[in-house]
Amino acid sequence: MKKFTISVLMVALLSLAAMANAGTAKLQVIHNAADPAAASVDIYVNGNLLLNDFAFRTATPFVEVPSDLNLTIGVAPSSSASSSDIIASFPARFANGKTYVAIANGVLDPAGFAANPESRTIAFSIFPRENIRTRSAFLWLVSAIAFHGASDAPTVDILAETALGDLKLIDDLGYTGYSSYKYLLPKKYILKVTPGGDNRTVVASFEANLSGLGGGAAVVFASGFLNPTGNQNGADFGLFAALPNGAVVEFPKLGVQPGMAQLQVIHNAADPAASMVDVYVNGNLLLDDFAFRTATPFVDVPAGVALNIGVAPGTSSSAADILKSFSVTLEKNKAYVAIASGVLDPAGFAANPDAREIGFSIYPRGDIRKKSKLGILVDVVAFHGATDAPKVDVIANGKWLKWRLIDDLGYGEYSPYRYLLATNYRLDVTPGSDNKTVVASFDVNLNGLGGGAAVVFASGFLSPMDNQNGAGFGLFAALPNGTVVEFPKVEEPQFARLQVIHNAADPAAEMVDVYVNGNLLLNDFAFRTATPFIDVPAGVNLNIGVAPSTSASASEA
């Protein structure tokens, strides 16, 4: 609480001006030195007491002070008896007719406090700024200037939440720096303080109610310590505004308001030992008994803060059982997918042909879509999650057209988004350098998904027998609601090429009929003749029967 009166203050200052036969300037003084030893101070000007028991986070109104004179501002303990008790003094000179603010800031003994992260001096001092406004430059707006007065805080940005997203009001403001003036509508704001180079990390959020201040002005100042325990338990970090009449308004702290992002998690780790897992986030159970080839719907998760995602066996009882953990930070209002893929012990599985790391990991991707950008199409992004498969291409076979949908996608990678009509396709998966060799084909039915989106992921092993008999290779799609669709594998009939030559010289076999599995293959097949190469089923038993050329059926073979 202020321990001085405006009338005493005015008399003292105008007496100084009269004695010097000088003009005057206007000055507001703000006490923002968070050192507990300076919680209340006395201020002297040229040896005369100006402010008695001047308390931390209080301000004077704008008052007239002598201009064009060299002034010495002295700071003494609140118990001072005279200017002989001054512990720090600073020269000042004010121009005639100008308006100033002078903010007392810093600590008396810097060695006893946390250093500034950017090595700026934190010693107690007076920080003046001229051309301060006592009213707005625009009658209907609020003119505000900001001062960074938190000695243990780095350079900061200040963001204002709006319906269209965060608006950066203050950019890269360092300790003891003043911003330029900003013009705000007289209404409520949520102000977020972030490090200057990282607007995703919110240090603190405040509610700033500027209603009723239209046409007015304010000096907004950051105050206190980010880490009080490292600063002699001084005041906590806060945001305040000094009004021209000397009133100091504290903006209520809302705590860290990170906002929310949306996240879908897909379990695509084909290691049989990870067929069922528990997923923890920052030590709290998020997913219990999360099964292979299942997915969550999109769920809200905190944005702008580090999320430690831990994966534990399905039998876990707490986060202490976590096998692997990964840290991610998500942006507000963005949608992400995180795919768990890989194996717990790579030495026990076939290596990746492209020498990619196959250890169990989380693969995040931002800017995921929950619906199509084009209302009639399906937006598809693909993920390669088969550890023993090389880089692949995906060839789309439509009703009238065949084209390369995905090109050279390696294990652990996402493709760009592709846009497909909501119809049926056959997708052929081939090695990236050889589109003639089809590894597997799938029947993909996108009917009914027009306007939607999906994350398509390759899953399982090309060679299960070399991978602890894990799941075979397949193609799946996770929809935004968490549904996972398996695309049926197209089992193409396999053929061998065969040529048959009749070289039996027995006159009784000069002409024969040849049957395969009871069906006539060659009628009246003559000695010393041959068939061309023809397609015959491969991988199945063929019963070849030879009958007289007069045969009526395979029963005569």
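Look up: the structure comes first, before these words.
Quantities reported herein were computed from a predicted structural model and do not represent experimental measurements.

Enquirer: Help me get a handle on the overall build of the chain, residues and values and all.
Expert: Of regular secondary structure, the chain possesses one helix and 40 strands. The C-alpha atoms of the chain give 39 Å as radius of gyration, which overshoots the globular expectation for 557 residues (24 Å, by more than 25%). Reported as C-alpha extents along the three principal axes, the dimensions of the chain are approximately 145 × 50 × 35 Å. Here the chain holds 557 residues, and 46% of them are scored as buried. Once local pairs closer than 6 in sequence are excluded, the contacts in the chain between residues at least 24 apart make up 67%. Carbon together with sulfur atoms contributes 54% to the accessible area of the chain, which is approximately 26100 Å² in total. In the chain, which carries 37 positive and 49 negative side-chain charges, the distance between the mean positions of the two groups comes to 12 Å.

Enquirer: Quick one: what's the story with a nonpolar patch on the surface, residue by residue and with numbers?
Expert: A cluster of nonpolar side chains, namely Phe138, Leu139, Trp140, Tyr183 and Leu185, defines an oily patch on the protein surface of about 570 Å² accessible area. In this fold, Tyr183 is placed in strand E12 (residues 182-184).

Enquirer: An account of the sheet that holds strand E1 (residues 24-31) is needed here, citing residue identities and associated values.
Expert: Spatial ordering of the open sheet is given by E4-E1-E7-E8, a layout of four strands whose pairing is mixed. At either end of the open sheet lies a strand with only one pairing partner, and these are strand E4 (63-66) and strand E8 (125-130). Going across the sheet, the axis of each strand differs from the next one's by a mean of 40°, ignoring polarity. Relative to E8, strand E7 (residues 99-105) is paired through six bridges, and the arrangement is antiparallel. Counterpart to Tyr100 in the pairing with E8 is Glu130.

Enquirer: Pulling in residues and values, what's your account of the packing of aromatic side chains?
Expert: Per the counting criterion, the structure on display carries 17 aromatic pairs. Aromatic pair Phe147 and Tyr178: ring centres 4.8 Å apart, planes at 50°, arrangement tilted. Of this pair, Phe147 sits in strand E9 (residues 142-148) while Tyr178 sits in the loop between strand E11 (165-173) and E12, and the two are 31 residues apart along the sequence. Judged by centre distance (6.1 Å) and plane angle (80°), the ring pair of Trp403 and Tyr425 falls under edge-to-face. Remark: Tyr425 occurs in strand E31 (residues 424-431) and Trp403 occurs in strand E29 (residues 402-409); sequence separation between them is 22 residues.

Enquirer: Account for the side chain of Asn116, naming residues and giving values.
Expert: Looking at the element boundaries, Asn116 is found in the loop between E7 and E8. You can call Asn116 buried: its relative accessible area is 5%. A polar side-chain atom of Asn116 sits 3.3 Å from the main-chain carbonyl oxygen of Ala153. If sequence neighbours within four positions are ignored, Asn116 has contacts with Ile122, Ser151, Ala153 and Tyr175.

Enquirer: Tell me what's going on with the pattern of salt bridges, and back it up with residues and numbers.
Expert: On inspection of all chains with the given rule, the structure shows 15 salt bridges. Among the ionic pairs, Arg356 bridges to Glu413, the shortest N-O distance being 3.0 Å. Of the two residues, Arg356 is situated in the loop between strand E25 (335-341) and strand E26 (361-365) and Glu413 in the loop between E29 and strand E30 (418-421); the sequence distance between them amounts to 57 residues. Note on Glu413: relative accessible area 28%, which makes it partly exposed. Salt bridges here are not isolated pairs; linked through shared partners, they connect Glu161, Asp166, Lys192 and Lys332.

Enquirer: Give a description of the sheet that holds E26 that names residues and reports values.
Expert: If you walk across this open sheet you meet the four strands as E22-E19-E25-E26, and the pairing is mixed. With one partner strand each, in any of the chains shown, strand E22 (299-302) and E26 form the two edges of the open sheet. Direction aside, neighbouring strands of the sheet carry axes that sit 35° apart on average. Note that E25 and E26 share five bridges and pair antiparallel. Considered in E26, the bridge of Ser341 is made with Ser361.

Enquirer: I'd like a rundown of the pairing of E11, residues and numbers included.
Expert: Judged from the six bridges that link them, strand E10 (residues 156-162) and E11 form a sheet pairing that is antiparallel. Opposite Ala160, over in E11, you have Leu167 as the bridge partner. Counting the residues between successive antiparallel strands, the hairpin from E10 to E11 contains two residues.

So, how was this worked out
- Residues numbered from 1 in each chain as written.
- Predicted model: local features only at pLDDT ≥ 70, side-chain atom pairs only at ≥ 80, totals over all residues.
- Heavy atoms only, no water.
- Helix = DSSP H or I, 4+ residues; strand = E, 2+ residues; numbered from the N terminus.
- Rg over C-alpha atoms; globule rule 2.2 N^0.38 Å.
- Buried < 20%, exposed > 50% of the residue type's maximum accessible area, 1.4 Å probe, protein only.
- Contact = heavy atoms within 4.5 Å.
- Areas by Shrake-Rupley, 256 points an atom, 1.4 Å probe, with all protein chains shown as cover.
- Lys, Arg positive; Asp, Glu negative; His and termini not counted.
- Charge placed at Lys NZ, Arg CZ, Asp CG, Glu CD.
- Patch = residues over 30% accessible without salt bridge, like charges linked within 9 Å, V, L, I, M, F, W, Y side chains within 5 Å.
- Salt bridge = Lys/Arg side-chain N within 4 Å of Asp/Glu carboxyl O.
- Pairing = 2+ DSSP bridges.
- Axes fitted to C-alpha atoms, helices over the stretch in contact; angles between N-to-C directions.
- Phe/Tyr/Trp six-rings, centres within 6.5 Å; stacked < 30°, edge-to-face > 60°.
- Polar contact = N/O pair within 3.5 Å; in protein donor to acceptor, adjacent residues only side chain to side chain.

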